[in-house]
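# Topology and contacts: notes
Residues per chain are reported as follows:
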Amino acid sequence: MQPNPNRLVLLRLGQISALGIMAILGLIDVSQGRLLTGPGGEAGGLIRILLAIGAAAVWLPGHKQNSTVLPKAAIWLSLASMTVTFTVGVTNSDYAATWGLAESLALLGVMLVVARRAAPGWAVAAVITTGAAVSFLPLRGGRGAEYVIFGLIQALAAAAALGIGLYLRILESSRQRAVDAVRAEQRAEFARDLHDFIAHHVTGIVVQAQGARFIAEQDPKRVLLALEQIEAAGAETMASMRRMVGVLRDPQTKPDAPLAPVSGVGELGQLIDQFTAAGGPHGRLHLDGTIDGIPVEVSTSAYRVVMEALTNVRQHAVGTRVVDVWVRRTPEWLLVRVANDGTARPARPGERSGYGLVGLTERVRAVDGRISAGPGIEGGWVVDAAFPLNAKVVS
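Let me begin by describing the structure that accompanies this report. What you are looking at is a predicted structure, and each value in this text was computed from that prediction instead of being measured. (Residues numbered from 1 in each chain as written. Predicted model: local features only at pLDDT ≥ 70, side-chain atom pairs only at ≥ 80, totals over all residues. Heavy atoms only, no water.)

With that settled, the discussion passes to the overall build of the chain. For the chain, the helix and strand inventory stands at 10 helices and seven strands. Here the chain holds 395 residues, and 42% of them are scored as buried. For the chain, restricting intrachain contacts to residue pairs at least 6 apart in sequence, the fraction spanning at least 24 positions comes to 78%. (Helix = DSSP H or I, 4+ residues; strand = E, 2+ residues; numbered from the N terminus. Buried < 20%, exposed > 50% of the residue type's maximum accessible area, 1.4 Å probe, protein only. Contact = heavy atoms within 4.5 Å.)

In structure tokens:
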């Protein structure tokens, strides 16, 4: 699934903001807290600065889900931080006035990212060590009760970061399961369409073969034409059967789902008429080129694209007056465009959207096609799909 550009922008802005806050806290550490003149002198202060930078380097990059590198890095970083903390606490009585606010914030960021992205096995150890490092960090400032209280506050902050990370992880997991279910259903639907098409052609082959027996007795020359038709239907059926097997190789496909009737490009006119008659905006179909001989998987996929686009117009578009559907055939491609002149309705609170496009993308990808959707140059919303006529199934 392609990442949402708006979400990526927000993520980058959040990271930049966090780095800015860390920089401010780092300046406070250096200017107010005797960070470079306290325990360990300049060498000890440099180590604490490097720990803060190292913590930022752990949470800042993008990590894959269930990463094992992330929790290992967090564990080593946390152990190094605790080593410095206990070294300062045991060997020095003249503490620094600050314990490293920038490092504290960076470790909280590590805790959040570990909870969200780390592999489950390593995540437990990483969460424990990172939480301990954050909680003990204020002891670098002194042994008084106020530093113990600050340690408890940072422990609570670590628990909050852990909770936020787990919440985001659960949300992403739930969305991924929903996306996988939509993809599996689309592939199953694609296979069912091919099944119906194959059954139709096999029945036709049987009827033609039976008819050829009677034709042979009356007009032997017509048998050759019948055999050519049988051969063509058989070749197309075998090609579609291979494609269906390719789809069913996907372990997520549900081959026992009920069958659905095949609808293709030839039925688009009826679909658009029904859309208009049901009280929707006025639909117009524009055909450029013949629709005869289009592979069934391409024809049915093009139909699904138009059907889903019309459904989205009804559900999500405001002020739409006209919906135009263009279907153009070239020697190598079938091009489909659905455009409306309305405006997108803002999503309602709690509304889960976007799965229709995910399903369409999976359906189009299965026949080696491409699809895009977005605002039109002159306003409205445009869905474009391109299908190669020599389509191959992507399994």
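Turning our eyes to something else, we now look at the environment of Ile 47. The residue Ile 47 is located in helix α2 (residues 41–59) in this model. Taking the C-alpha atoms as reference, Ile 47 lies 8.4 Å from Val 84; in sequence the two are 37 residues apart.

Once that is clear, we can look at the pattern of salt bridges. Two side chains that carry opposite charge are able to pair once their charged atoms sit near each other. Here the structure, examined in full by the defined rule, presents six salt bridges. Note that Asp 324 and Arg 284 form a salt bridge whose closest N and O atoms lie 2.7 Å from each other. Note that Asp 324 is positioned in strand β3 (residues 322–329) and Arg 284 in strand β1 (residues 282–288), a separation of 40 residues in sequence. Judged by its relative accessible area of 10%, Asp 324 falls in the buried class. Here Arg 284 falls in the partly exposed class, since its relative accessible area comes to 36%. (Salt bridge = Lys/Arg side-chain N within 4 Å of Asp/Glu carboxyl O.)

A positive phi angle, near 65 degrees, is found at Asn 66, a position not held by glycine. Its place among the elements puts Asn 66 in the loop between α2 and α3 (69–91). Note on Asn 66: relative accessible area 42%, which makes it partly exposed.

Turning to the nonpolar core, a few remarks are in order. Ala 55, Trp 59, Leu 70, Leu 77, Leu 107, Val 110 and Val 114 are the most contacted members of the largest nonpolar core, which totals 30 residues. Residue assignment for this core shows that the elements contributing at least two residues are α2, α3, α4 (101–117), α5 (120–136) and α6 (145–218). Beyond its immediate stretch of four places on either side in the chain, Val 114 contacts Leu 70, Ala 74, Ala 123, Ala 126, Val 127 and Arg 169. (Core = buried A, V, L, I, M, F, W, Y, C linked by side-chain atoms within 4.5 Å.)

Turning to the side chain of Gln 154, a few remarks are in order. Within the secondary structure, Gln 154 sits in helix α6. The exposure class of Gln 154 is buried, given its relative accessible area of 11%. Excluding its chain neighbours within four sequence positions, the residues that come into contact with Gln 154 are Trp 99, Ser 104, Leu 108, Val 134, Leu 137 and Pro 138.

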